[in-house]
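What follows is the residue order along each chain.
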Amino acid sequence: MTWVLVGSLGAIAMTWINIVGIKTTALLQKVVTALIIVVGIMLVTGSLFNGERAHMEPLFVGGAAGIMAVLIMTPFMFVGFDVIPQAAEEINLPPEQIGRLLIVSVVMAVLWYILIVLAVSLALSAEDSAASSLPTADAMSAVFNGAWAGKLLVLAGIGGIVTSWNAFLVGGSRAIYAMAHAKMLPAFLGKLHPVYKTPVNAILLIGLLSAIAPLFGRRALVWLVDAGGLGIVVAYAMVAASFLVLRRKEPDMPRPFRVRHGEWVGRGAVVLACGLAILYLPISPAALVWPYEWAIAGGWAAIGLVFYLWARAMHPGASDAIIRQELTTGHSDLPDPA
């Protein structure tokens, strides 16, 4: 119950912070990210000097199945970066700089993840890592020869959870807000707070689901991560497909940030996303767990279909017209970041 309370009360606190405004959430991100960077650099440098290369053996466990089992969880680790375009109207930067910022942030994250994996591999043997419930914290304790270092790493780990949690709330609420304005979701989800001008009902919806989630237990949360990975990969594929379709249907749409060789980038993204999606299917060694994870994925798809049919029935053609207008004019009811 204490762990459930931490999760649920944390969800309530994060919801309130996001309702208060984007500047408050941005300040929280800056402070916590600084802590993560400092502690992460300590772990990496400590492992490079005090770690042992022999600890990295064996490099792979379980062969192709082991690699795929890790790979299907990877999309979930990158989902936070879609917050940048989703919150673009509240970022006080020129659009072309936002595009570059998105690319740089993903590249930096890839390098960061690689360095953390390398650090833990150097610091702990395969046996110690398998026996540990918190391998990264134990790796920190090992390289600095003190329990204090592990506790500091745990604090930074909590900071990592907070920044991701914060980003999910920002991006998810803005996506729901935009879909409500496009008549694809009920209109009340597009309401702005009268004082803070944040999409309050969309934030409250996500906050409510987040507060309930810990009640389902740790195993169910793993199911959500795996099933969510499939949903994320499908979303990646749809975004890449839309990237290609819009260039043909809306050739004159304003595009402040242009991608070189856009057609090839888009096609490559579609192929890679579809390839990742295959890993979740029953034919793959890393397939989703039946029936739990498939039930979650199927339930999400069913809810999406219901809302799609509802939007088409209640507002035929409205979503296409509104989306086209907002894409070409950049109009939004969200406050000016200045």
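Report follows, based on the coordinates. (Residues numbered from 1 in each chain as written. Predicted model: local features only at pLDDT ≥ 70, side-chain atom pairs only at ≥ 80, totals over all residues. Heavy atoms only, no water.)

1. Quick word on the overall build of the protein
For the protein, the helix and strand inventory stands at 14 helices and zero strands. Reading the secondary structure of the protein in the N-to-C direction produces α-α-α-α-α-α-α-α-α-α-α-α-α-α. Compactness check: the protein gives a C-alpha radius of gyration of 22 Å against a globular reference of 20 Å for 338 residues, within 12% of the reference. Taking the principal axes of the C-alpha coordinates as reference, the protein spans close to 60 × 45 × 45 Å. For the protein, the proportion of its 338 residues judged to be buried stands at 34%. A fraction of 73% describes how many contacts in the protein between residues 6 or more apart in sequence connect residues 24 or more apart. For the protein, the exposed surface amounts to about 20,200 Å²; the carbon and sulfur share of it is 72%. The centroid of the 20 positive side-chain charges in the protein is displaced by 7 Å from the centroid of its 18 negative side-chain charges. (Helix = DSSP H or I, 4+ residues; strand = E, 2+ residues; numbered from the N terminus. Rg over C-alpha atoms; globule rule 2.2 N^0.38 Å. Buried < 20%, exposed > 50% of the residue type's maximum accessible area, 1.4 Å probe, protein only. Contact = heavy atoms within 4.5 Å. Areas by Shrake-Rupley, 256 points an atom, 1.4 Å probe, with all protein chains shown as cover. Lys, Arg positive; Asp, Glu negative; His and termini not counted. Charge placed at Lys NZ, Arg CZ, Asp CG, Glu CD.)

2. Topic: the packing of aromatic side chains
Each aromatic ring pair is described using two quantities: the centre-to-centre distance and the angle formed by the ring planes. Counted under the stated rule, the structure contains two aromatic pairs. Where F144 meets W148, the ring centres are 5.9 Å apart and the plane angle is 55 degrees; that geometry is what we call tilted. A relative accessible area of 28% places F144 in the partly exposed class. With a centroid separation of 4.2 Å and an interplanar angle of 0 degrees, the aromatic rings of W223 and Y292 are classed as stacked. Residue W223 is located in helix 11 (residues 218-249), and its partner Y292 is located in helix 13 (residues 292-314); the two are separated by 69 residues in the primary sequence. Lying over the aromatic face of F243, R247 brings its terminal NZ or CZ to 3.8 Å of the ring centre. Residue placement shows R267 over the ring face of W264; its charged tip is 5.5 Å from the ring centre. (Phe/Tyr/Trp six-rings, centres within 6.5 Å; stacked < 30°, edge-to-face > 60°. Lys NZ or Arg CZ within 6 Å of the ring centre and 35° of its normal.)

3. Looking at the nonpolar core
Most often, soluble globular proteins keep nonpolar side chains buried together rather than apart. The biggest cluster of nonpolar side chains holds 15 residues, and the ones touching the most others in it are V39, L43, A139, M140 and L153. For this core, the secondary-structure elements that each account for two or more residues are helix 2 (22-50), helix 6 (95-123), helix 8 (135-144) and helix 9 (147-181). Aside from chain neighbours lying at most four places away, what touches L153 is V39, L43, T136, A137 and M140. In this structure, A237, L279, A286 and L288 belong to the second largest nonpolar core, which totals 13 residues. (Core = buried A, V, L, I, M, F, W, Y, C linked by side-chain atoms within 4.5 Å.)

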